[in-house]
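Structure at a glance
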Amino acid sequence: MGLQQDTVTWFVGILFLSTLFLCSADVHHYEFFVRESNFTKLCNTTTLLVVNDSYPGPEIRVRRGDTVFVNVHNQGNYGFTIHWHGVKQPRNPWFDGPEFITQCPIQPGTNFTYEVILSDEIGTLWWHAHSDWTRGSVQGAFIILPAENETYPFPTPDADQTIILQSWYNGDYKQIIDQALATGIPPRQPDAYAINGNLGDTYGCTNDTIFRMQVDYEKMYLLRIINAAMNEQQFFSITNHTLTVVAQDASYVRRFTSDYILISPGQTMDVLVSANQNVGQYYMATRPFSDASAMPPDNITTGIFQYTNSEGGLNASLITLPARDDTNATNSFISRIRNTNVTQNPPLNVPTGIDRRVFITIATNTVPCNTSQCLLPNRFVASLNNVSFVFPRIDILKAYYNSTGGVFTEDFPLNPPVFYDFTGNLTGFNTRAELGTRAVVLNYGEAVEIVLQATQLGGGGSHPIHLHGFSFYRVGSGSGNFNNETDPRTYNLVDPPLINTIHVPGKGWAALRFFANNPGIVAGEWTLFSL
């Protein structure tokens, strides 16, 4: 196929995860009918590809260790795949879902049944399409409850509520990205943000709906928060209420309280909130965070945290969120997330002796734009170590197992080809990227460290990076250019959080570690979050 898009995928051929076997695991079956449906928001009607005619799509709710079969019927106009974000799929990479990595797209008029094998994941994950920008509308929650006879490592909530934060565009998501790829310019910014598909009361359209969560006085609620936005990191808060963070990316963390959370695209977070204020109606609210040169729209989207039998109105001035560019609030929040020594978590196993080190620079570069629709001589592409991913003609997993040559190469650079002042002024710097379908091949059981370095090429700013098939330990982060002599001395090897999506700060770096013990072709990705 040779398709090129503004998403870079870094993938590794790897390795085996010992499955956590739990008693009385169940098998669940779901039917997903994916087709175009009309939605009216911002006083505008838009056609979206969605699952079962809903935005967001249906929630999967199972228990730890269960197995889920999802029969996906493509009744739409183009092909797509589904990814089970954060599910490790031990020894089952064929059903992970990234397009042209583990499978070819499900074509219109056909169906495909996914087998989703749960192991040690616990809490909140999500599922989404993994083809171009279809994930913007084909998405939903994947809730993993404790196994039978298993308890929470915190007071059992009286109820839980899923909160999905989203980007809203007046237009078809695939058409937006297709136009950007054809013309060579970055895709446009969202028109609004949404909470569970509702835009709230701040955008001026009287027909827009607002999400309401009804609560009872003195009850405790578990919020399962998912950032399913296309590009935007998000602050989230509930007026006059304290949030207690208890889990991130389907792993429990040391409990801490905060007036707000910061959650990156792809991340999930479990938060306790007590309905202990005067009976009334309180705003929940979200706004973007960005440290890039080109900021996303500074829109605040609202929902309502409503006590039973409450009366009276709401006051928008009561919304308290960090400013859109508040890096101190972002860094302070992230630094508080630590692993917790509870039996419900996998035993802490941070790699210390490292077998394979990879240093990856994140950038937005340019390549020649050769289509008839080009508006500029060059078009923007994302890159890792100056390599921008080219989609192969068949999926890489099939090529690997069938020993099909010419599909990918095993020469993804373990270091950037040129070392420079990554976070400095790069005016006049050569921005050209190379194109390729390149892999890093790891040996089973290797202890791996990856340092991710943000650069000022393109829009700059922070980036979320997600690794398929693994949770990993975030062992460190910092500002400026990574120093391999001094910065490792600051690593947290005592209680680093176990996550699947990491925040790489703008003009900074982040380090992660994991054992390569889950065989397959594993995708790691980011998109142009900062343009």
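Nothing here was measured: the structure is a model prediction, and the numbers come from that model.

Calculation notes
- Residues numbered from 1 in each chain as written.
- Predicted model: local features only at pLDDT ≥ 70, side-chain atom pairs only at ≥ 80, totals over all residues.
- Heavy atoms only, no water.
- Helix = DSSP H or I, 4+ residues; strand = E, 2+ residues; numbered from the N terminus.
- Rg over C-alpha atoms; globule rule 2.2 N^0.38 Å.
- Buried < 20%, exposed > 50% of the residue type's maximum accessible area, 1.4 Å probe, protein only.
- Lys, Arg positive; Asp, Glu negative; His and termini not counted.
- Charge placed at Lys NZ, Arg CZ, Asp CG, Glu CD.
- Polar contact = N/O pair within 3.5 Å; in protein donor to acceptor, adjacent residues only side chain to side chain.
- Pairing = 2+ DSSP bridges.
- Axes fitted to C-alpha atoms, helices over the stretch in contact; angles between N-to-C directions.
- Contact = heavy atoms within 4.5 Å.
- UniProt positions renumbered as here; feature names shortened; annotations may be inferred.
- Salt bridge = Lys/Arg side-chain N within 4 Å of Asp/Glu carboxyl O.
- Core = buried A, V, L, I, M, F, W, Y, C linked by side-chain atoms within 4.5 Å.
- Disulfide = S-S within 2.5 Å.
- Patch = residues over 30% accessible without salt bridge, like charges linked within 9 Å, V, L, I, M, F, W, Y side chains within 5 Å.
- Areas by Shrake-Rupley, 256 points an atom, 1.4 Å probe, with all protein chains shown as cover.
- Arc of directions from axis to C-beta.
- Phe/Tyr/Trp six-rings, centres within 6.5 Å; stacked < 30°, edge-to-face > 60°.
- Lys NZ or Arg CZ within 6 Å of the ring centre and 35° of its normal.

1. Structural notes on the overall build of the protein chain
Along its length, the protein chain carries three helices and 32 strands. For a compact globule of 531 residues, the expected C-alpha radius of gyration is about 24 Å, and the protein chain comes in at 22 Å, within 12% of that figure. The buried share of the protein chain, taken over its 531 residues, is 63%. Charge-centre separation for the protein chain: the mean point of 30 positive side chains lies 3 Å from the mean point of 45 negative side chains.

2. Considerations on helix H1 (residues 173-183)
With eight of eleven residues buried, H1 is to be regarded as a mostly interior element. Of all the positions in H1, only Tyr 173, Lys 174, Ile 176, Ile 177, Ala 180, Leu 181, Ala 182 and Thr 183 are classed as buried. Measuring from the side-chain oxygen of the N-cap residue of H1 to the backbone nitrogen of Lys 174 gives 3.0 Å; that N-cap residue is Asp 172. Positive backbone phi, approximately 85°, marks Gly 184, located one or two places after H1.

3. Quick look at the sheet that holds strand S16 (residues 251-258)
On the basis of which strands lie adjacent, the open sheet formed by six strands has the order S11-S10-S13-S18-S15-S16 and mixed pairing. Looking at strand neighbours, the two that pair on one side only are strand S11 (192-195) and S16, the edges of this open sheet. In this sheet, adjacent strand axes meet at a mean angle of 25° when their direction is disregarded. Note that strand S10 (residues 159-168) and strand S13 (residues 220-227) share seven bridges and pair parallel. What sits directly across from Ala 159, in S13, is Tyr 221.

4. A closer look at the sheet that holds strand S20 (residues 301-307)
Within a sheet, each strand pairs with its neighbour through backbone hydrogen bonds, oriented either parallel or antiparallel. Read from one edge to the other, the open sheet built from five strands follows the order S12-S20-S19-S14-S17, with strand pairing classed as mixed. Because the sheet does not close on itself, it has two edges, and the strands there are strand S12 (211-215) and strand S17 (261-263). Pairs of neighbouring strands in the sheet enclose a mean axial angle of 25°, with direction left out of account. The pairing of strand S14 (residues 233-238) with strand S19 (residues 281-289) spans six bridges and is antiparallel. Each bridged residue has a counterpart across the sheet, and for Phe 236 the counterpart in S19 is Thr 286. Packed onto the sheet, helix H2 (residues 327-335) meets S14, S17 and S19 and runs at close to 90° relative to S17.

5. Quick look at the environment of Val 246
Structurally, the position occupied by Val 246 is in strand S15 (residues 243-248). Residues Val 246 and Thr 340 lie 94 residues apart in sequence; the distance between their C-alpha atoms is 9.4 Å. Discounting chain neighbours no more than four positions away, the residues touching Val 246 are Phe 154, Leu 222, Tyr 252, Val 253, Arg 255, Asp 270, Val 271 and Leu 272.

6. Examining the UniProt feature "domain: Plastocyanin-like" (unreviewed entry) in the protein chain
The UniProt record annotates "domain: Plastocyanin-like" (unreviewed entry) at residues 34-147, 161-309 and 412-521. For residues 34-147, the end-to-end C-alpha separation is 30 Å, with 0% helix and 46% strand making up the annotated structure. In this annotation, residues 161-309 is assigned 7% helix and 48% strand; the end-to-end C-alpha distance for the span is 19 Å.

7. Some remarks on the pattern of salt bridges
Where charged atoms from two side chains of opposite charge come close, those side chains can pair. This structure, assessed with the given rule, holds 18 salt bridges. Of the charged contacts in the structure, one is a salt bridge between Asp 160 and Arg 224, with a shortest N-O distance of 2.9 Å. One end of the pair, Asp 160, is in strand S10; the other, Arg 224, is in strand S13, and 64 residues separate them in sequence. Ionic pairing is found between Asp 270 and Arg 224, a salt bridge with its closest N-O pair at 3.7 Å. With Asp 270 in strand S18 (residues 268-274) and Arg 224 in strand S13, this pair connects stretches of sequence that are 46 residues apart. Accessibility assignment for this pair places Asp 270 and Arg 224 in one class, buried.

8. Quick word on the nonpolar core
With 37 residues, the main nonpolar core has Ile 225, Phe 236, Ile 261, Met 284, Phe 305 and Phe 333 as its most contacted residues. The biggest single contributor to this core is S19, with five residues. With residues near it in sequence (within four places) discarded, Ile 225 still touches Ile 163, Leu 165, Phe 236, Ile 261, Ile 263, Gln 267, Thr 268, Met 269 and Val 271. Val 72, Val 87, Trp 127 and Phe 142 belong to the second largest nonpolar core, which has 27 residues in total.

9. Examining the state of the cysteines
Counted by the stated rule, this structure contains two disulfides. One disulfide bridge connects Cys 43 with Cys 205, the sulfur atoms lying 2.0 Å from each other. Between Cys 43 and Cys 205, the S-S torsion sits near 105°, and that sign places the bridge as right-handed. Of the two residues, Cys 43 is situated in the loop between strand S2 (27-41) and strand S3 (44-51) and Cys 205 in the loop between S11 and S12; the sequence distance between them amounts to 162 residues. A disulfide bridge connects Cys 369 with Cys 374, and the sulfur atoms are separated by 2.0 Å. Between Cys 369 and Cys 374, the S-S torsion sits near -85°, and that sign places the bridge as left-handed. By relative accessible area, which is 21% here, Cys 374 ends up partly exposed. Counting only the cysteines that take part in disulfides, in the order they occur along the protein chain, gives the pairing 1-2, 3-4.

10. Describing a nonpolar patch on the surface
A cluster of nonpolar side chains, namely Trp 94, Tyr 400 and Tyr 401, defines an oily patch on the protein surface of about 330 Å² accessible area. Note that Tyr 401 resides in helix H3 (residues 396-401).

11. A look at H2
Looking only at H2, the buried set comprises Ala 329, Thr 330, Phe 333 and Ile 334. The buried side chains of H2 occupy one side of the element, clustering within an arc of 120° when seen end-on. Two to three positions downstream of the cap, the backbone nitrogen of Asn 328 sits 3.2 Å from a side-chain oxygen, assigning the N-cap of H2 to Asp 326.

12. Brief notes about the packing of aromatic side chains
On inspection of all chains with the given rule, the structure shows 30 aromatic pairs. Members of the aromatic cluster, connected to one another through ring pairs, are Phe 359, Phe 419, Tyr 420, Phe 422, Phe 429, Phe 482, Tyr 491 and Trp 509. It is Lys 41 that lies over the ring of Trp 168; its NZ or CZ is 5.7 Å from the centre. Lying across the ring of Tyr 78, Lys 174 places its NZ or CZ 5.0 Å from the centre.

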